[in-house]
Amino acid sequence: MEQNLVNVNIDGPTQQTALTQRGPVPVQYQQQQPQQVIQKQKSMEGELPMPSAPRGLMFPRAPPSAIEKAEVAADSFLKFCAPVIRPLARLFLLCTFVEDAERMIFQWDIQANHVSKEWQADPSVGHAFVAFNLAAQAIPCAILLLGFPFSSMKPLIQACLGLLVIVVCAQSVAYHVLWNLEFFLRNLAVIGALCLVGAEALEPEPTKGGILDTGRLTEEDEDDDVSDILRLSGRVLLSLMFLTLVKFDNVQRIILECIAAVLLALVVIGFKTKLSAVTLFIFLFVENLYLNDFFMHSSDENIHDFKKFNFFQALTVIGGLMMLVALGPGGVSFDGEEKKYR
């Protein structure tokens, strides 16, 4: 009978030679491996499943932060006011045109003579320009403010917005304020307000983070780049109006303006837009009533017209914030990108 020499380990590093018959090594001579090591090897080979957490095990959730609580409170309040926010925001966005048309009516001769003197032209030129301003502002604003269903009137809405942009450009040239930095920035801000009105007309049922949000994004929503660009343009251009209204009179005012600037920066980049816009809206509304109280002065005073002009310009920024709350910042924003992955 043939015999083989087989080297086996017996509980240790000592090598021993055993004479056995042809066949497997007896069990008592096999290396004794810990049971845990064997199970680990089998689990790695896919023979045994890795141990899982017991069913019903729940990890405690962190308590909501102060910002999250504020967002929930603001969202509840805004949804309660949702039916009036959108038309009110549209009114505030267009109020600078409404106020200008009203001034053309009650100061017709003053405005006509001013234009005629600026251009050294015949008085009829000044009267024609005032008539054009009145018609080109009153008619489009009336159409936009009446709240017709935008989805069936997009060509008319686009024509109205285009006409208002022409009015802004024509006034900049006629009044020789094109090279005045403050008025130039304000005119850009007014165009930004029109961008937000256009975004509302393009997307009557927004789905990108506003209080009127109806659900998650669809493929069609993601392809709607025009509305996103208009909302981005509106956010950026409206911030220029805020820059022209900032005043650093005292230390307290400086602190408040710095806080408002931080909130405005968050609105521009579209981060925590809803909460930032609501906070900035409250701040600007109170500040506007306090600083631009034209209603406390006689209409014969020069300060009356100055404060009235600033009051309605500030209302344009406030209307833009309200519209962003209603529509959301759009896809080109931090909030819009976050919503895509929810």
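Above this text is the structure in question.
First, a word on scope: everything that follows refers to the structure included in this document. (Residues numbered from 1 in each chain as written. Predicted model: local features only at pLDDT ≥ 70, side-chain atom pairs only at ≥ 80, totals over all residues. Heavy atoms only, no water.)

1. Digging into the pattern of salt bridges
Following the criterion strictly, the structure yields nine salt bridges and no others. In this structure, the salt-bridge partner of Lys-308 is Glu-102, at a minimum N-O distance of 3.1 Å. Of the two residues, Lys-308 sits in helix α12 (residues 302-327) while Glu-102 sits in helix α3 (residues 82-106), which places them 206 residues apart along the sequence. Note that Arg-253 and Glu-287 form a salt bridge whose closest N and O atoms lie 3.2 Å from each other. On the criterion of sequence distance, the pair formed by Arg-253 in helix α10 (residues 251-269) and Glu-287 in helix α11 (residues 273-291) is long-range, its members being 34 residues apart. Salt bridges here are not isolated pairs; linked through shared partners, they connect Arg-86, Arg-90 and Glu-200. (Salt bridge = Lys/Arg side-chain N within 4 Å of Asp/Glu carboxyl O. Helix = DSSP H or I, 4+ residues; strand = E, 2+ residues; numbered from the N terminus.)

2. Topic: α11
Its 19 residues give α11 an end-to-end C-alpha distance of 26 Å, which sits within 8% of 27 Å, the value for a rise of 1.5 Å per residue. Listing the buried residues of α11 in full gives Thr-273, Leu-275, Ser-276, Ala-277, Val-278, Leu-280, Leu-284, Glu-287 and Asn-288. (Expected span 1.5 Å × (residues − 1). Buried < 20%, exposed > 50% of the residue type's maximum accessible area, 1.4 Å probe, protein only.)

3. Structural notes on the packing of aromatic side chains
Within this structure, the stated rule accounts for eight aromatic pairs. Measuring from ring centre to ring centre gives 6.0 Å for Phe-281 and Phe-285, while their planes differ by 35 degrees; the resulting arrangement is tilted. On the criterion of helical spacing, the pair formed by Phe-281 and Phe-285 is a turn pair, its members being four residues apart in helix α11. Since its relative accessible area comes to 25%, Phe-281 is described here as partly exposed. Between the aromatic rings of Phe-295 and Phe-311, the centroid separation amounts to 6.5 Å while the plane-to-plane angle is 90 degrees, which identifies the pairing as edge-to-face. Residue Phe-295 is located in the loop between α11 and α12, and its partner Phe-311 is located in helix α12; the two are separated by 16 residues in the primary sequence. Using a relative accessible area of 47% as the deciding quantity, one classes Phe-295 as partly exposed. Classification of Phe-311 as buried rests on a relative accessible area of 11%. (Phe/Tyr/Trp six-rings, centres within 6.5 Å; stacked < 30°, edge-to-face > 60°.)

4. Comments concerning empty space enclosed by the protein
If you walk through the whole model with that rule in mind, you get one cavity of 30 Å³ or more. Here the largest cavity is characterised by a volume of approximately 50 Å³. Gly-234, Arg-235, Leu-238, Ser-239, Leu-264, Val-267, Val-317, Gly-320, Leu-321 and Leu-324 are the residues that line the largest cavity. Looking at the lining of the largest cavity, the elements that each hand over two or more residues are α9 (225-245), α10 and α12. Here the residues of the lining of the largest cavity are counted per class, giving six nonpolar, three polar and one charged. (1 Å grid on protein atoms, 1.4 Å probe; cavity = no way out; pocket = protein on both sides within 12 Å on 5 of 7 lines; lining within 4 Å. Points joined across faces, edges and corners; volume = space filled by probe spheres on them. Nonpolar A, V, L, I, M, F, W, Y, C, P; charged D, E, K, R; others polar.)

5. Quick notes on the packing of α3 against helix α7 (residues 181-202)
Contact pair α3 / α7: the axes reach a minimum separation of 10 Å and the direction vectors enclose 145 degrees. Relative to α7, the crossing made by α3 is left-handed. Residues Arg-86, Arg-90, Leu-93, Leu-94, Thr-96 and Phe-97 of α3 lie in contact with α7, whose contacting residues are Val-190, Ala-193, Leu-194, Leu-196, Val-197 and Glu-200. The class makeup of the residues in the contact of α3 with α7 is eight nonpolar, one polar and three charged. (Axes fitted to C-alpha atoms, helices over the stretch in contact; angles between N-to-C directions. Left-handed = near helix turned anticlockwise from the far one by under 90°. Contact = heavy atoms within 4.5 Å.)

6. With respect to the side chain of Asn-292
Relative to the helices and strands, Asn-292 is located in the loop between α11 and α12. Polar side-chain contacts of Asn-292 include one of 2.7 Å to the side chain of Asn-288. Each residue touching Asn-292, except ones within four places of it in the same chain, is listed here: Glu-287, Lys-307, Asn-310 and Phe-311. (Polar contact = N/O pair within 3.5 Å; in protein donor to acceptor, adjacent residues only side chain to side chain.)

7. What to know about unusual backbone geometry
Among all residues save glycine, negative phi is the norm, and among peptide bonds the norm is trans. The backbone of His-176 shows a phi angle near 55 degrees, a positive value even though the residue is not glycine. When you line up the elements, His-176 lands in the loop between α6 (154-174) and α7. At Lys-272, a residue that is not glycine, the phi angle is positive and equals roughly 50 degrees. Along the chain, Lys-272 turns up in the loop between α10 and α11.

8. Describing the layout of surface pockets
Reported here for the largest pocket is a volume of approximately 1100 Å³. Every residue lining the largest pocket is counted, 47 residues in all, and those nearest its centre are Arg-103, Phe-183, Arg-186, Phe-309 and Gln-313. Top contributing element to the lining of the largest pocket by residue count: α12, with 10 residues. Class assignment of the residues belonging to the lining of the largest pocket gives a composition of 19 nonpolar, 15 polar and 13 charged.

9. A short note on the side chain of Gln-137
Here Gln-137 shows up in helix α5 (residues 123-145). A polar contact of 2.8 Å, which involves the side chain of Gln-137, links it to the side chain of Asp-100.

Worth remembering: the numbers are spatial, not functional.
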